Amino acid sequence: MATAFVIDSRFAAHTMERHPEYAARLTMIRATLEQHGLLERFTTINAEPVSEEFLHIVHDADYLRLLEKTSRMASPSMLGLDTYITPQSYEIARLAVGGVLQVVDAVLTGETDNGLAAIRPPGHHATPSMGMGFCLLNNIALAARHAQQVHNIERVLIVDYDVHHGNGTQDIFYDDPTVLYISTHQSPLYPGTGAIQETGKGAGKGFTINAALPPGVGDQGYAQVFAEIVLPAARQFEPEVILVSGGYDAHWADPLANMMLSLSGYTHLDRTLLALAHELCEGRIVFILEGGYNLQVLGNAWANVAHVLLGDTEIDDVLGPADRSEPSIAQPLNKLKQIHNLT
Ligand SMILES: [Zn+2]
């Protein structure tokens, strides 16, 4: 197996002390991958910034102008309450998007079997017109559009297992039947969107699937949602490539949320997605980093995804299982099956 991989020390220029989304996240991922002897097993991609023109395929001109303006400021500023922009941020965000697109290129040209993009800033909360939730440019949405435009891909499946709802990704594809967006997320939680009843509109009706789950759901509940919702919906859709919003903040040790996934639980989801990619689209799958704010979880979760993509069978769960029992998810599960005809 060949796995394309991008990580770049330049991403560290977008950082803010005492903010949970800061440079140490990637330092930890790189160190853990190195410890596992994984770095030399990848096909390494050197990130190059995406052109400004391409960003218009997803983002509004006014918002891009605003980002561009921030690069001429002397000091960092805030978008809303939680999202910082430093004078380097726009350049770094374009570098992150560029890296993701290059990984997608490697997979869709057959140079590698699959790919991993360890990039920052994350993207799934960024809407066409505004950055929010630590996100500036919507990396995964831009990757989906790039796959369609450059590689003649018609149908892209995006699976988002970050603990937060990817409101930006949902917005971008809400009326679009060519991108199936499936999100598992804690509800209630930031950003407050992603109710089960939000299913898309117009031609895109039915192509947004929101598995909004109560706090406390762990390995068992997530496995059930993947088996009973994600798999049948993906099989009906027949994607040509699978993109994953890889957020590791649904782990029980994450400081920003209250889900109970373990590292082993995450690995089960990763293996399920890789098997799905083999079944439906010649194994073409790319994991793109989103959230995850416990550094130990983040490093190990990425090492485990890498082992899975490289075809290794052994993984480490250094943190063990959650010590709480899970709530029943029968109610949201039944509602989802009913709304999306997955019975
Ligand atoms: Zn998140």
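Described below are features of the structure shown in this document.

What counts as what
- Residues numbered from 1 in each chain as written.
- Predicted model: local features only at pLDDT ≥ 70, side-chain atom pairs only at ≥ 80, totals over all residues.
- Buried ≥ 20, exposed ≤ 12 C-beta atoms within 10 Å, placed from the backbone.
- Helix = DSSP H or I, 4+ residues; strand = E, 2+ residues; numbered from the N terminus.
- Pairing = 2+ DSSP bridges.
- Right-handed = clockwise from strand over helix to strand, strands pointing away.
- Contact = placed C-beta atoms within 7 Å.
- Axes fitted to C-alpha atoms, helices over the stretch in contact; angles between N-to-C directions.

The element strand β9 (residues 241-246) is extensively covered by neighbouring structure, given that six of its six residues are classed as buried. Of the two faces of β9, the one holding Val241, Leu243 and Ser245 and the one holding Ile242, Val244 and Gly246 are both buried throughout. Bridge count between strand β6 (residues 156-160) and β9: five bridges; the pairing is parallel. Within the sheet, the bridge partner assigned to leucine 157 lies in β9 and is isoleucine 242. Read from β9 through helix α8 (residues 263-281) to strand β10 (residues 285-289), the crossover connection turns out right-handed.

What follows concerns the sheet that holds strand β2 (residues 43-44). On the basis of which strands lie adjacent, the open sheet formed by eight strands has the order β2-β1-β5-β10-β9-β6-β7-β8 and parallel pairing. Of all the strands in the sheet, just β2 and β8 (208-213) have a single pairing partner and so form its edges. Docked against the sheet, helix α4 (residues 89-108) engages β1 (3-6), β2, β5 (114-117), β9 and β10, running at close to 170° with respect to β5.

Turning to the pairing of strand β7 (residues 179-186), a few remarks are in order. Burial within β7 is extensive, with eight of its eight residues counted as buried. By the alternation rule, side chains of β7 split into Val179, Tyr181, Ser183 and His185 and Leu180, Ile182, Thr184 and Gln186, which are all buried. For β6 and β7, the ladder comprises five bridges, and the chain directions are parallel. When the sheet's bridge partners are listed, aspartate 160 is paired in β7 with serine 183.

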